[in-house]
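Examining the three-dimensional arrangement
The lines below spell out each chain.
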Amino acid sequence: MTDKANRPRPRSRQAGPAKRRPDMRPRRPGLPPEGPILLYGLHTVEAAFRNRARKRLKLYATENAQRRLAEREVPIDVPVETMTPRALDKMVTKDAVHQGMILEADPLPPYGVKELKGARLVLALDQVTDPHNVGAILRSAVALAADAVVTTERHAPEEGPVLAKSASGALDMIRHVRVKNMARFVSEMGEAGFQCIALDSDGPASLEETAFTDKTVLVLGSEGKGVRQGVREACGALARLDMPGEIRSLNVSNAAVLSLYVARQKMGL
């Protein structure tokens, strides 16, 4: 007789879309992410529906969330599955604030340097890895009318729910360009007539004192390491952000806001 206690237990089955978990599929290094991703939150989902470049697949939402989207005249062009808040909770991580709606969608097209034609103000992030920081920077870049945010393919957050939620819709409002080699990108932009300025605490002049041209790339590095040496050398200028208070440095997302603001003033935008 077989001992029942030694029999393998059957795996529990998850109901509904919770077992799909497209945001948990394995991803290869670089981009784009493999398979669909989950976008959640009111502003993120609304921006994704208004972005013609975004391929949307299915919306999971509570009745209340569907009413909110209708009130905002969001054009819903995918199948909708009505779900309870508890069921939606099972589709995302524990700390995710989905506000009653989750959109399953494909990643955005892999934008490249060719999408920068006609740009004037570009923000480049050299190995800034925290998706919350990059999301906040994307949002600030949209608010300050930058033309694009550039990151590296590796050592940078891939498109996903955390980045999208942190950007609060900005991911679908601005070109997010990924490059294989940041130093090479900066050199090519310099050859194309851009003034490339790396933010560095040892810069010889403040950003306000630095000469700007009508086309500018601002380069910020990760906290701690800063802009890497090869990238700094590819830039035409180094500049620092002078802080008058007792704390002399800023979080990279705050530094990005201040840098973009100063750049717009200097460029007359």
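Counting starts from 1 at the beginning of each chain's written sequence and moves along it residue by residue. Reporting of local features is limited, given that this is a predicted model, to residues whose pLDDT is at least 70; pairs of side-chain atoms are given and counted only at 80 or more, and all residues count toward the totals for whole chains, interfaces and linings. Water and hydrogen atoms play no part in the side-chain values, which are based on all heavy atoms of the structure.

Assigned secondary structure in the protein chain consists of 8 helices and 11 strands. In the protein chain, the share of contacts with a sequence separation of at least 24, taken over all contacts with a separation of at least 6, comes to 75%. The protein chains shown are the only cover counted for residues, whose accessible areas, like all others here, come from Shrake-Rupley with a 1.4 Å probe. Entry remark: accessible area of the protein chain is about 14,500 Å², with carbon and sulfur atoms responsible for 48%. What counts as a helix is a DSSP run of H or I of at least four residues, what counts as a strand is a run of E of at least two, and both are numbered from the N terminus. Residues count as neighbours in contact if any of their non-hydrogen atoms are within 4.5 Å of one another.

Side-chain atoms within 4.5 Å link the members of a nonpolar core, which is a set of buried Ala, Val, Leu, Ile, Met, Phe, Trp, Tyr and Cys residues. Only protein chains enter the accessibility calculation, which uses a 1.4 Å probe; a residue whose area is less than 20% of its type maximum is buried, one above 50% is exposed, and one in between is partly exposed. Judged by nonpolar contacts, the single largest core of 50 residues is most densely connected at Leu59, Leu103, Leu138, Leu207, Leu218 and Leu220. Among the elements that line this core, the one with the most residues is helix 8 (residues 252–267), at 7 residues. In this view, Leu218 contacts Leu121, Val122, Leu123, Ala124, Ile197, Leu199, Leu207, Phe212, Ser259, Leu260 and Ala263; residues no more than four positions away in its chain are not counted. If you look at the next biggest cluster of nonpolar residues, it comprises 21 residues, including Tyr111, Ala124, Val150 and Met189.

Once that is clear, we can look at the pairing of strand 2 (residues 56–61). Of the strand pairs in this sheet, strand 2 and strand 4 (residues 101–105) are connected by 5 bridges, and their pairing is antiparallel. Paired with Lys58 across the two strands is Glu104, which belongs to strand 4. Note on handedness: a clockwise path from strand one over the helix to strand two, with the strands aimed away from the viewer, defines a right-handed crossover. Between the parallel elements strand 2 and strand 3 (residues 80–82), the chain passes through helix 2 (residues 63–71) in a crossover that is right-handed. For two strands to be treated as a pair, DSSP must find at least two bridges joining them.

Even without being glycine, Ala145 reaches a positive phi, approximately 60°. On the secondary structure map, Ala145 appears in the loop between helix 4 (131–143) and strand 6 (148–152). Residue class for Ala145 comes out partly exposed when judged on its relative accessible area of 43%. Its identity as a non-glycine residue notwithstanding, His155 has a phi of 60°, on the positive side. By the element assignment, His155 lies in the loop between strand 6 and helix 5 (161–167). For His155, a relative accessible area of 51% puts it in the exposed group.

The geometry of helix 4 relative to helix 8 is characterised by a closest axis approach of 9 Å and an angle of 15° between their N-to-C directions. One element, helix 4, and the other, helix 8, form an angle in the roughly parallel class. The element helix 4 and its partner helix 8 pack so that their crossing is right-handed. Every residue of helix 8 that contacts helix 4 at Asn133, Ala136, Ile137, Ser140 and Ala141 is listed here: Val252, Ser253, Ala256, Val257 and Leu260. Gly counts as polar in this scheme, as do all residues outside two lists: the nonpolar Ala, Val, Leu, Ile, Met, Phe, Trp, Tyr, Cys and Pro, and the charged Asp, Glu, Lys and Arg. Class assignment for the residues of the contact of helix 4 with helix 8 results in 7 nonpolar, 3 polar and no charged. Structural elements are reduced to axes, namely lines fitted to C-alpha atoms, with helices fitted over the stretch in contact, and the angle between N-to-C directions of any two is expressed from 0 to 180 degrees. The scheme is simple: roughly parallel for angles under 35 degrees, roughly antiparallel for over 145, roughly perpendicular for 65 to 115, oblique for anything else. Crossings are assigned a handedness: left-handed for a near helix turned anticlockwise from the far helix by less than a right angle, right-handed for a clockwise turn.

Let us look at the pairing of strand 7 (residues 175–179). Strand 7 sits mainly inside the fold: 4 of its 5 residues count as buried. Where strand 6 meets strand 7, 5 bridges bridge the pair, whose relative direction is parallel. Note that in strand 7 the partner of Thr151 across the bridge is Arg178.

Turning next to the sheet that holds strand 6. Ordered by their spatial adjacency, 7 strands build an open sheet running 7-6-5-10-8-11-9, and the pairing between neighbours is parallel. The outermost strands of the open sheet, each flanked by one partner alone, are strand 7 and strand 9 (205–206). Strand direction decides the pairing type here: strand 5 (residues 121–126) and strand 10 (residues 216–221), joined by 6 bridges, are parallel. Across the sheet, residue Leu123 finds its bridge partner in strand 10, namely Leu218.

Think of pLDDT as the predictor's per-residue confidence, scored from 0 to 100. Mean pLDDT over the protein chain works out to 88, with 87% of the residues at or above the 70 mark. Ranking the elements of the protein chain by mean pLDDT puts helix 5 last, at 93, and strand 5 first, at 98. pLDDT under 50 marks residues 1–32. Its contacts with residues more than four places away, or in other chains, come to 38 contacts.

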